[in-house]
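Spelled out from the first residue to the last, the chains are:
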Amino acid sequence: MALMLVTPPTVEPVTLAELKDWLKIDTADEDVLLTAVIAAARLAVEAASGRKLLTQTWRWVLNAWPASPLELPVWPMQAVPAIRVYNAAGVAATVAATLYQLSNAFLPPRLALLGATPQPGRALGGIEIDMTAGYGGAAAAVPEALRMAVRLMAAHLYENRGDGAPGLAPMQPPPAVAALVGPYRRAKL
């Protein structure tokens, strides 16, 4: 199994102007760095929360069908726009949308196979499932607590370049970030 990012988010949950205001920066001298820090902070919050913040497309490549229902590896899930199955010659056939059903009632979301789905003809990478995940395409769609976590993580990364703060590695989320992200993590029972 492999999971690949196909289309990254087109915006970030925090704008450059918002972060500069948060950090009280008035010049454009470090805009390139701050833009990179925002993206890195989003990725860190996504990793810590287990959630994709903004609309992005992922491709899950499988060798064979797992037992149905499948637990999808990204969430929150917006849609499963396409499933392709490859035959032995490497030609893809799109699985009809009537042969699967997405449910967001679970975490992680589930994909149930309905009826006879085509079997892959090639041993490796015979199935591709495209998934659209994230809270939405705009920063306003992201819960405010996660946006705050991105701001705090970005500030932490910006302020702790190089060696990092004593006792705290630069990519390790500060306690406030962990507290904001905690309610969004998948509970383990």
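Just above sits the structure.
The present account deals with the structure reproduced in this document. If you're wondering where the values come from, they're calculated on a predicted model, not measured in any experiment. (Residues numbered from 1 in each chain as written. Predicted model: local features only at pLDDT ≥ 70, side-chain atom pairs only at ≥ 80, totals over all residues. Heavy atoms only, no water.)

**Let's talk about the nonpolar core**
Okay, step 1: Within the largest apolar cluster, 23 residues are counted, with the highest numbers of intra-cluster contacts made by Leu19, Leu23, Val45, Leu53 and Met153.
Okay, step 2: Considering each element in turn, this core owes the most residues, 8 residues, to helix H3 (residues 144–159).
Okay, step 3: Excluding anything up to four places from it in sequence, leucine 53 contacts Pro13, Arg42, Val45, Glu46, Gly134, Tyr135, Gly136, Val142, Leu146 and Val150.
Okay, step 4: Within the second largest apolar cluster, 19 residues are counted, among which are Trp58, Val74, Val95 and Met131. (Core = buried A, V, L, I, M, F, W, Y, C linked by side-chain atoms within 4.5 Å. Buried < 20%, exposed > 50% of the residue type's maximum accessible area, 1.4 Å probe, protein only. Helix = DSSP H or I, 4+ residues; strand = E, 2+ residues; numbered from the N terminus. Contact = heavy atoms within 4.5 Å.)

**Thoughts on the packing of aromatic side chains**
How two aromatic rings sit relative to each other is given by the distance of their centres and the angle of their planes.
Okay, step 1: Tallying each qualifying case throughout the model produces 0 aromatic pairs.
Okay, step 2: A cation sits over an aromatic face here: arginine 151 above tryptophan 22, 5.7 Å from the ring centre.
Okay, step 3: A cation sits over an aromatic face here: arginine 161 above tyrosine 158, 4.5 Å from the ring centre. (Phe/Tyr/Trp six-rings, centres within 6.5 Å; stacked < 30°, edge-to-face > 60°. Lys NZ or Arg CZ within 6 Å of the ring centre and 35° of its normal.)

**Concerning the side chain of aspartate 130**
Okay, step 1: Tracing the backbone shows aspartate 130 in strand E8 (residues 127–133).
Okay, step 2: Side chain to side chain, aspartate 130 and arginine 59 meet in a polar contact 2.7 Å long.
Okay, step 3: A polar atom in the side chain of aspartate 130 sits 2.9 Å from the side chain of arginine 84.
Okay, step 4: Ignoring any residue separated from it by four or fewer positions in sequence, one finds aspartate 130 in contact with Trp58, Arg59, Ala79, Val80, Pro81, Ala82 and Arg84. (Polar contact = N/O pair within 3.5 Å; in protein donor to acceptor, adjacent residues only side chain to side chain.)

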